[in-house]
Every structure is written in C-alpha cells, then in structure tokens.
Amino acid sequence: MNLLSFFLLTVFIHINVHFISVSSTKPPFACDSSDPSAKSYTFCKTISPLSVRVKDLISRLTLDEKISQLVNTAPGIPRLGIPSYQWWSESLHGVSGQGPGIHFQGPIYSATSFPQVILTASSFDAHLWYRIGQAIGIEARAVYNAGQATGMTFWAPNINIFRDPRWGRGQETPGEDPMVTSKYSVSYVRGIQGDSFEGGKLRGGHLQASACCKHFTAYDLDSWNGTTRYVFNAQVTLQDLADTYQPPFRSCITEGKASGIMCSYNRVNGVPSCADYNLLSTTARAKWSFKGYITSDCDAVSIIHDAQGYAKIPEDAVGDVLKAGMDVNCGSYLQEHTKSAVQQKNVSETDINRALSNLFTTRMRLGLLNGNPTQQPFGKFGPNDVCSKAHQGLALEAALDGIVLLTNKAKLLPLSKSKTKTIAVIGPNANVAKTLQGNYFGPPCKTITPFEALKGYVRDTFYHPGCGSVACNSSVSIDQAVKLAKSVDNVIMVMGLDQTEEQEELDRIDLLLPGQQRALITSVAKAAKRPIVLVILSGGPVDIAFAKRDRKIGSIIWAGYPGEAGGAALAQIVFGDHNPGGRLPITWYPQEFTKTPMTDMRMRANPATGYPGRTYIFYKGRKVFKFGHGLSYSKYRYKFAKVDQNQISLTQFSNIQALVNKVPYLSVSDVGTEYCEKLKFSATVGVENSGEMSGKHPVLLFIRQSETRHGSPVKQLIGFQSVKLAAGEKADLEFTLSPCEHLSRANNDGLMVMEEGSHFLVVGDQEYPISILM
C-alpha cells in the first residue's frame with residue numbers, strides 16, 4: 001500500500017470511529033463483570049499473573065484472529081468480548097487528534113497544548129518535563145474514560161538527536177545533546193505512564209497511558225536532495241551509535257521503563273530498522289531488558305519490499321520483521337501477507353504468538369481487559385481534568401521557562417509598562433495562533449497571539465503583518481510597516497518559520513529567514529525611533545547573524561513554538577513580569593553549514609577533509625549562537641564551592657591494575673558496576689544572582705579534556721539543574737559525578753573507555769581540573 005492509500009484508509013477508519021464513539025459515553029473494554037461468559041475466561045481473572053492471562057487469551061485465538069491483531073487498527077473479537085483497539089495515538093506535547101485513536105467530538109473538545117518539545121527542553125528542568133508528561137497522561141486517560149478514545153498507546157516521545165539543523169522534525173525533539181534527550185525521555189515517560197519522578201512506582205503494574213520512544217534508530221532525515229526517509233541508508237559508526245544515537249533509547253527503556261518502542265523507516269548500515277534482530281531483540285530486549293511492544297512507523301514494513309527492495313517478496317518482509325522482534329505494523333501489510341508468509345514458512349505461529357504476548361500484555365497493563373476502566377486505577381479522571389487551571393498554568397510556566405533571550409543590547413528589555421505608550425507589533429507570526437503550536441498538536445484549551453497579549457500591556461498597540469505569510473515572497477508591505485514603525489515608541493517584530501517551512505517530510509534547504517524577511521526586519525529597524533525587539537518563532541535554528549550585528553536591533557528572543565500560552569508568556573517577558581532563563585538546546589549554525597550533506601551521519605569533525613562535525617560536542621566550525629546560550633535580566637556568578645576529587649586513580653584496585661597493564665585504556669565494562677559506584681564523587685557549584693531581579697536559572701555543568709584526541713568531545717554536558725534565586729540570593733547545587741559515565745568516551749569499536757589525562761569541570765567561566773591516573 002502506498003502512503004496516499006494508507007492515509008485515505010486512516011481517514012476512513014477515523015471517520016467511522018468518530019460516528020461509532022460519538023454515540024458512546026463508555027470506554028471500550030473487555031471482561032465485563034456483567035457478562036457471564038467472561039467469568040470463565042482465565043484471561044479475565046485479574047488475580048492471575050499477566051503471563052498466565054495472556055497465554056490463555058492467545059490460546060483461544062484462531063490463526064486468522066491472531067493475524068488480525070498485528071496491525072494498528074486491530075479489530076474486535078466479539079466471541080471473546082474483546083473490543084477493537086487502535087494502537088496509534090499521538091501526544092507529543094499534548095493529547096492530539098492526529099492519530100486515529102483519539103477524537104474531540106464529545107464532552108472533551110480540546111486538550112492542553114504545551115510548548116513544542118524543543119522549547120520545553122530549553123528550560124533544562126527535568127521535573128518540569130515530568131510534570132508535563134504527567135498532565136498529558138491524566139488528560140489522555142480522561143479522554144479515554146469519556147469514551148472518546150479507542151486506544152491508550154501514545155507514540156511519543158520523539159527522542160532522536162537533532163543532528164542537522166535543517167531537519168524538519170527537529171522541533172519535536174529535546175535537541176542535540178544525548179544526555180539532555182535521555183533525561184527528557186525518562187521524565188516524560190515516567191510522567192505519562194503514571195510513575196513517580198524518581199521511578200519505581202509502577203513495578204510492572206497498571207499504566208496510566210503507554211509511552212512509545214521513537215524512532216529507533218539514527219533517524220533524522222525526512223527529505224533532502226532527493227533522498228527520503230523511506231529509502232535512506234544511514235551509515236553510522238559503532239562509535240557514533242554508542243555515544244550519540246543510542247543513549248536516549250537506552251535511558252528511555254532502562255530508566256524510564258517505556259512500554260513501547262517505534263522502529264524507524266530508514267536502514268542503518270544496510271538493515272531496515274524494523275527488520276534488525278540485533279537492534280530490536282539483541283539490544284533492546286536482551287541487553288536493555290525491554291518488556292513492552294514494538295511498533296513499526298506507518299507503512300515501514302511495506303517499504304522494506306516496495307521501496308527499499310531489501311525483501312524480495314512481501315512474505316519475506318513479514319518474516320523479517322516478526323523474527324526480528326517487531327510486534328505490530330502501523331498499516332495493513334501484516335494483515336495482508338502474514339497468512340501466506342506462514343504457509344510459505346517465512347514465519348512461524350510461534351513468532352506471531354510472541355508478538356501477541358507483548359501486545360496483549362500492554363493492553364492488560366492499561367487495564368483495558370480488566371473490566372470497566374472507570375472502576376480501575378486512573379478511572380477517576382474525566383472532562384474536568386482536561387484543560388484544568390493547573391494544566392493551563394503549567395503550559396504557561398513551560399513557555400516562560402523555555403523562551404530564550406539571545407541578545408539584549410543596552411538592556412533594552414524589559415520595556416517599561418509605565419513609559420511605553422505606543423508599540424507596533426509587526427511580522428507574519430505576530431497574530432497567528434496556529435503557528436504557536438508547532439506540529440502534532442490537538443485543539444488547544446485557548447490561545448492568545450503575541451499581538452493580542454502585548455495589547456494587554458499597552459492600549460495603543462498596532463499590528464501589521466509585513467508579509468502575507470512567513471514565506472514573505474508575496475504581499476510584502478515594507479513601506480507600510482516602515483511607516484507604522486516611525487509612528488510608535490517601540491517596535492516588536494515577530495518573524496521566523498512555521499510548518500510551511502519545516503515539518504515532517506519537509507526538511508529545510510537553508511538556514512536563512514524565508515523570502516524578504518531580512519529586508520523587512522532591517523528596513524523597520526532602521527526606521528524605528530528606538531532599537532527594536534526581534535522575536536523568532538521556529539523549531540530549528542536560523543542564521544540571523546545580520547540581526548546580531550545590527551545596532552538598531554536591540555534584543556532578540558527565540559520563542560520556539562511556545563504552545564497555547566506562548567503569546568502570554570512572550571508578553572510577560574517583554575514587559576518584565578517574568579525574567580527569562582531559557583538556554584538553547586541546539587547549536588545555531590551559520591548558512592555555510594548547509595554545504596554539509598544531511599546524509600553524512602558522522603558526528604566527529606575531520607579537519608583533513610573539511611568536515612566540520614555535528615552538535616556542540618564535536619562541531620568545530622563557526623556558530624551564530626552556542627548550545628546553552630541564553631541571557632537573563634539578572635547576572636549569575638558561579639564558583640566551585642567543593643569538589644570531592646581532583647584525581648581519579650584507576651590503579652587502586654588490584655584487578656583493575658592487571659587490566660591496565662594489558663591495554664592503553666580502560667574499558668568501563670571491565671571496571672564493572674561495583675567499582676564504578678565506588679569511583680563516584682560530588683561537585684558542589686555555588687550560584688549567586690548578582691542582579692536586581694529574581695529569576696529561575698538553569699546551571700549547566702560541562703566536562704572538557706585538556707586536548708581532544710581519538711575523536712573525544714570538544715566538551716560535553718554532564719549535569720544540569722534549575723534553581724530559583726531572588727536578587728542577591730545564593731545557593732549551592734550538588735552534582736553527583738560518575739567517572740565511568742562522565743569521564744569516558746566511545747572508542748572506534750563502540751566501547752566506553754577511560755584514558756589517562758587531564759579534564760576540566762566547566763560551569764560558566766569557571767573551571768576545575770580533574771586528572772585520571774592509570
């Protein structure tokens with residue numbers, strides 16, 4: 001089935017689900033206590049172990065019934081009282097109707113729309129990320145309890161590394177740093193699934209909702225220069241897999257305990273991800289102890305034969321994915337070809353049973369085969385828990401904490417509420433609510449555009465779009481915008497990108513502002529009475545070096561796609577009701593970076609060929625703004641108050657000494673878990689707000705080596721904490737450091753190793769030396 005056919009099928013299914021479920025106020029479930037036959041089924045006896053229940057259920061199914069359950073739109077099995085189930089729902093930054101499992105026709109007609117993930121990540125606040133996941137999980141369960149959902153498996157978070165600034169889906173991710181992305185994945189998954197922030201609350205029990213970590217793995221190209229994600233073969237070294245591409249997925253599984261994984265469209269080193277036994281079974285299930293279900297991306301099974309030619313016949317593709325460890329196919333390919341694959345012995349019924357075991361275990365953990373879900377754990381949530389004041393307040397908090405102040409010349413911001421009498425709000429993003437949402441969003445509780453929010457501060461606020469759209473190549477009214485700019489006290493321009501410039505299946509060609517945006521900005525800035533405020537809405541970075549240099553552009557703000565409360569958050573920052581503290585989670589590259597092919601997956605720079613490397617960890621080229629950059633209306637000072645170690649001796653254990661004598665480095669796996677624990681130490685960073693305004697400030701702790709060698713990082717983030725400080729207040733933040741994790745690097749074979757040499761802990765402009773002795 002081609003993608004268009006699959007889309008039309010999805011629309012048809014969604015429409016039918018709508019008409020069926022609109023008339024229903026009860027969520028679908030199995031094992032109804034009022035059904036006499038249910039009492040005889042072992043799979044309905046909740047006191048029995050899950051494994052026993054699942055085995056009993058599978059044993060009652062015919063081969064045709066088994067096959068019918070291997071696709072995302074799984075039909076019901078009426079004779080056993082099992083309703084249909086939809087595996088595909090979306091909740092990237094709020095419950096969304098973009099998957100067929102959710103609809104908003106009923107008592108719940110909207111959901112809280114949090115900032116797009118890339119902006120949420122800018123807060124560097126893991127507890128905030130957890131609270132957002134928690135709120136999304138509560139709203140998801142409320143939608144299900146209201147009878148407006150046919151599934152509780154949500155295909156989020158997207159934890160691919162934002163490797164290339166042109167990637168249209170980079171906005172969906174927590175950025176370019178593997179450790180930040182890992183922490184985000186754990187926080188979000190624990191929140192949405194109903195776990196505690198620290199983890200361990202679920203203990204294999206009920207799920208509030210099911211999270212699915214995607215896209216496994218090395219997926220970060222949609223469509224570039226004729227290469228699409230459907231055919232792309234990502235050539236990735238073991239070294240880059242070990243320290244860049246895989247850590248977020250490992251954390252999502254081992255720490256977050258995610259109940260789902262999505263394998264990606266692309267091939268990795270020649271093998272389609274969904275057909276890679278080493279990836280799905282050896283790595284995820286055996287090495288990382290993954291216990292959940294694995295879904296394909298939509299139509300990813302069909303392309304293994306139809307587009308990639310990896311499988312010679314459809315039945316080969318079916319056999320490849322089921323034997324590799326995949327469980328459910330988003331699409332219809334397994335429904336159409338599994339029966340013939342069994343007949344041709346491409347796949348066995350045992351393989352099918354294994355997949356079904358993972359699928360039905362997930363549904364049971366969600367409480368959907370345990371009787372009426374509203375009488376089970378999480379059954380109390382309903383319409384009043386969606387778009388609650390608490391959740392809307394959290395959406396505002398996330399936007400406030402994420403927005404990044406990039407420049408603030410001569411302390412232009414914050415503007416005075418009493419002295420500012422007239423302002424002009426100019427730009428194609430200034431008065432469009434939809435742009436604030438990014439992609440994969442549901443109908444928001446309420447929205448206010450930047451123009452509307454700013455008007456709440458200054459009565460005489462005037463608006464002009466400047467361009468008819470962000471493309472800014474038609475309906476451009478520079479003269480009118482300039483005329484307006486001359487007539488007011490202050491000008492705020494809201495420019496940047498939207499989903500017509502970057503989104504799924506739409507990677508950018510360059511890093512410049514579209515069309516005549518630059519001309520509009522510079523013309524307005526030149527004409528304005530005072531330096532202007534420039535606001536950029538975008539998911540990916542933009543080369544705005546011209547604006548950084550322009551003396552008539554006093555302040556630059558990056559607001560990402562800030563969600564339903566983004567307009568209000570922006571206005572509060574501009575007029576000083578909130579002190580900005582966000583810091584960039586991705587490097588802002590110059591336009592010249594676009595000479596680097598998106599298809600080159602190497603992370604490390606190669607000076608001999610001019611390859612610049614990728615992400616702040618390895619990139620050695622010019623930057624417009626650095627990873628972690630972000631200003632405040634206050635100033636913060638740092639010092640290393642206390643560090644328990646300045647030398648790490650790896651010769652103190654006799655069995656390690658023997659290993660050192662044989663090799664020039666020490667493998668972390670050879671050190672072992674016990675010794676790695678003993679090597680841990682703490683570093684205390686003192687932070688002082690030396691400004692005149694209270695603020696929330698993320699403190700980023702990096703490590704760098706005295707010299708980079710063997711592909712070691714330029715520098716790397718090893719810890720972050722967010723602290724609220726009043727003007728003049730001080731605080732001490734303690735970081736626990738593990739040399740095995742933080743002072744190691746991946747070698748060419750993908751092994752994490754430690755080498756003798758000097759390292760430096762870095763926070764702001766302060767450094768502290770740490771030596772490794774062997």
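Counting restarts for each chain, with residues numbered from 1 along the sequence as it is written. A pLDDT threshold of at least 70 governs which residues receive local features in this predicted model, and a stricter bar of 80 or more applies before side-chain atom pairs are shown or counted, although totals over entire chains, interfaces and linings include all residues. The basis for every side-chain value is the complete set of heavy atoms in the structure, and neither hydrogens nor water enter the calculation.

(A) Highlighting the overall build of the chain. Looking only at helices and strands, the chain features 23 helices and 28 strands. Throughout, radius of gyration means the C-alpha value; the globule benchmark is 2.2 Å times the number of residues raised to the power 0.38. Relative to the globule expectation of 28 Å for 774 residues, the C-alpha radius of gyration of the chain, 27 Å, shows essentially globular dimensions. A total of 774 residues make up the chain; the buried ones form 62% of that total. Any pair of residues with heavy atoms lying within 4.5 Å of one another is described as a contacting pair. In the chain, once contacts between residues fewer than 6 apart in sequence are set aside, the share between residues at least 24 apart is 77%. Split by element, the accessible area of the chain, about 28,400 Å² in all, is 51% carbon and sulfur. Averaging the coordinates of the 77 positive side-chain charges in the chain and doing the same for the 66 negative ones gives two points 4 Å apart. Only DSSP runs of H or I covering at least 4 residues are called helices, and only runs of E covering at least 2 are called strands; the numbering of each starts at the N terminus. Note on exposure labels: buried denotes an accessible area under 20% of the residue type's maximum, exposed denotes more than 50%, and partly exposed covers the range between, all computed with a 1.4 Å probe on protein chains only. Calculation of accessible area relied on Shrake-Rupley with a 1.4 Å probe; when residues are assessed, cover is drawn exclusively from the protein chains displayed. Only four residue types enter the charge count, namely Lys and Arg as positive and Asp and Glu as negative; His and the chain termini do not. By convention, charge coordinates are those of NZ in Lys, CZ in Arg, CG in Asp, or CD in Glu.

(B) Inspection of the sheet that holds strand β9 (residues 267–268) at higher detail. Pairs of strands are assigned from DSSP output, requiring at least two bridges between the strands. As summarised here, the arrangement of the 3 strands in space is β7-β9-β10, forming an open sheet in which the pairing is mixed. The open sheet is flanked by β7 (233–234) and β10 (271–272), the only strands paired with a single partner. Note that β7 and β9 share 2 bridges and pair parallel. Residue pairing for β9: Ala-234 is matched across the bridge by Val-268.

(C) Summary view of the packing of aromatic side chains. The aromatic pairing rule takes the rings of Phe, Tyr and Trp, using the six-membered ring of Trp, and pairs them if the centres are within 6.5 Å, calling planes under 30 degrees apart stacked, those over 60 edge-to-face and the rest tilted. A complete count under the given rule lists 26 aromatic pairs for this structure. Look at Phe-124 and Phe-720: their rings are 5.7 Å apart centre to centre, the planes differ by 80°, and that puts the pair in the edge-to-face class. Pair noted here: Phe-124 is in the loop between α4 (117–121) and α5 (126–145) and Phe-720 is in strand β23 (residues 716–725), with a separation of 596 residues, a long-range link. Assigned by exposure class, Phe-124 and Phe-720 land together as buried. With centroids separated by 6.4 Å and ring planes inclined at 80°, the aromatic side chains of Phe-627 and Phe-702 adopt a geometry described as edge-to-face. Linking Phe-627 in the loop between α20 (615–618) and β18 (636–643) with Phe-702 in strand β22 (residues 695–705), this pair joins segments that are 75 residues apart in sequence. Assigned by exposure class, Phe-627 and Phe-702 land together as buried. Taken together through their ring pairs, the aromatic side chains of Phe-124, Trp-129, Tyr-184, Tyr-188, Tyr-616, Phe-627, Phe-702 and Phe-720 make up a single cluster.

Any link to function would need more than the numbers given here.
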